[in-house]
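# Close look at the chain arrangement
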Amino acid sequence: MNPQANLIFIASLLLGTTITISSNHWIMAWTGLEINTLAILPLISKSHHPRAIEAATKYFLTQAAASALVLFSSMTNAWHTGQWDITQLTHPTSCLILTSAIAMKLGLVPFHFWFPEVLQGSPLTTGLILSTVMKLPPMTLLYMTSSSLNPTLLTILAILSAALGGWMGLNQTQIRKILAFSSISHLGWMAIILIYNPKLTLLNFYLYAVMTTAVFLTLNTTKVLKLSTLLTAWTKAPSLNTMLLLTLLSLAGLPPLTGFLPKWLIIQELTKQDMAPAATLISLLSLLSLFFYLRLAYCTTITLPPHTTNHMKQWRTNKPTSTAIAILTTVSVMLLPASPMILTIV
C-alpha cells in the first residue's frame, strides 16, 4: 500500500477514535464510529486476497448494522426524553438496543461470529488494530452509559462470552483465530463488572490492550501465523520467544503476572456486590481459555517438534528486538507488584 494512503487511514482511525471518546452528543459519537469503520476497511483488504476481501465485507456489514442500531437507540431516547446527551440515556428500550449495538461492535456473544473470521482474513498489524484501538470507542460509550444499562443482560452476555470464547478456541490451529476467541473471553470479564465498577472495566481493557499488543508485535516479528510454524520459531529469536511465553501466560491471568491483576480485582468486586456465584462461574470458564493459552505457550518454547519428519529450521536473526516490544512485554509480565499504585491512580 502507498505510504501516504496508509498514513491517511491511520490518521483517520485516530481521528474517529478521538471524536467518539471526546463527544457528549450521540451524533458526534456515531460520526466517530463511522470514520473508524471506513478507515479500517482498506487496511483489512490491502492484500487483495479473496479471504481479505471477504473479511472486509463481513466487517463492513456488521459495523454498518451496529452503527444503525446506535443511531436508532439514540433517536428513540431523544424522542422520549428530548436528550441527545450520551450520559442521559434513560429510556429502557434505548438501553436495550444500545447494549445490542455495542455488543455487535465489540464482538460479544451472541454477536461474535464476525470477529474470528475478520481477524483471520487480516494481516497481523491490522489484526492488532482491530483487537485494541477499534474496541476503545465502543468501550467508552459503554463506560459513559454504564449507569443506565441492564445488569442482568450484561451478566448473561459476559458469562456466555467467557464460555464460548474459551470453548471455541480449544480446537483452533490458526493463531489469529485463537487470539480472536481470547479477545471474546476477555470482553466477558469487562462486561460483567461494567455496572458495578466501570473503572475496573477500563483498567481491564488497558491491560488487555498492552498484553495483546505485545503478543501481536512479537508474532509479527517472527512472522508466525499457525501453530505448526510456531513450533519451529524458537530458533529465530530465543529470548523473544521466552518473553512471548510469559506474555501468553499473563494473558491467561496466571498469578505472578500482570494479567492476574484485573481478574483478581473483578472477582473481589463481584464478591462485594453479592455476586459470588457469577464470580465462581466466570472464573471456572476462564479455565477453558487457559487451556489454549498453555497450548500456545507450550508450542512457543518447545525445542523439539513432536513429529519426526525432516523440516527446515529457521535461521536465527541478528536483528535487535524493537524497543516497543521490550517495553510492552516487560509491562505485560511485571506490573502485578505495582497494583497498589495502579489502584490509587484508578
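Residues numbered from 1 in each chain as written. Predicted model: local features only at pLDDT ≥ 70, side-chain atom pairs only at ≥ 80, totals over all residues. Heavy atoms only, no water.

Going by what an unreviewed UniProt entry lists, the protein chain is known as NADH-ubiquinone oxidoreductase chain 2 and is assigned to Pheucticus melanocephalus. In UniProt, the protein chain has this text filed under Subcellular location (unreviewed entry): "Mitochondrion inner membrane". Turning to the protein chain, the UniProt record has this under Sequence similarities (unreviewed entry): "Belongs to the complex I subunit 2 family." (UniProt positions renumbered as here; feature names shortened; annotations may be inferred.)

To continue, consider the overall build of the protein chain. When you go through the protein chain residue by residue, the secondary structure sums to 16 helices and zero strands. Its C-alpha atoms give the protein chain a radius of gyration of 20 Å, near enough to 20 Å, the size a compact globule of 346 residues would have. C-alpha extents for the protein chain along the principal axes are approximately 70 × 50 × 35 Å. Burial statistics for the protein chain: of 346 residues in total, 53% are counted as buried. The long-range share in the protein chain, meaning contacts at least 24 apart out of those at least 6 apart in sequence, stands at 78%. When the accessible area of the protein chain is evaluated, it comes to approximately 15,200 Å², of which 70% is carbon and sulfur surface. In the protein chain, 17 side chains carry a positive charge and 6 a negative one; their mean positions are 20 Å apart. (Helix = DSSP H or I, 4+ residues; strand = E, 2+ residues; numbered from the N terminus. Rg over C-alpha atoms; globule rule 2.2 N^0.38 Å. Buried < 20%, exposed > 50% of the residue type's maximum accessible area, 1.4 Å probe, protein only. Contact = heavy atoms within 4.5 Å. Areas by Shrake-Rupley, 256 points an atom, 1.4 Å probe, with all protein chains shown as cover. Lys, Arg positive; Asp, Glu negative; His and termini not counted. Charge placed at Lys NZ, Arg CZ, Asp CG, Glu CD.)

Let's shift gears to helix 15 (residues 323–334). Along its 12 residues, helix 15 runs 16 Å from first to last C-alpha, staying within 8% of the 16 Å computed at 1.5 Å per residue. All of the buried residues in helix 15 are Ile325, Leu328, Thr329, Ser332 and Val333. Angular distribution of buried residues about the axis of helix 15 spans 125°; they occupy a single face of the element. For helix 15, the exposed residues lying more than 90 degrees away from the buried face are Thr323, Ile327 and Met334. Looking at the buried side of helix 15, the elements it contacts are helix 10 (198–222) and helix 12 (238–252). (Expected span 1.5 Å × (residues − 1). Arc of directions from axis to C-beta.)

Another point: a nonpolar patch on the surface. Residues Leu38, Phe60 and Leu61 make up a contiguous nonpolar surface patch of about 300 Å² in total accessible area. Along the polypeptide, Leu38 turns up in helix 2 (residues 26–44). You can call Leu38 exposed: its relative accessible area is 52%. (Patch = residues over 30% accessible without salt bridge, like charges linked within 9 Å, V, L, I, M, F, W, Y side chains within 5 Å. Salt bridge = Lys/Arg side-chain N within 4 Å of Asp/Glu carboxyl O.)

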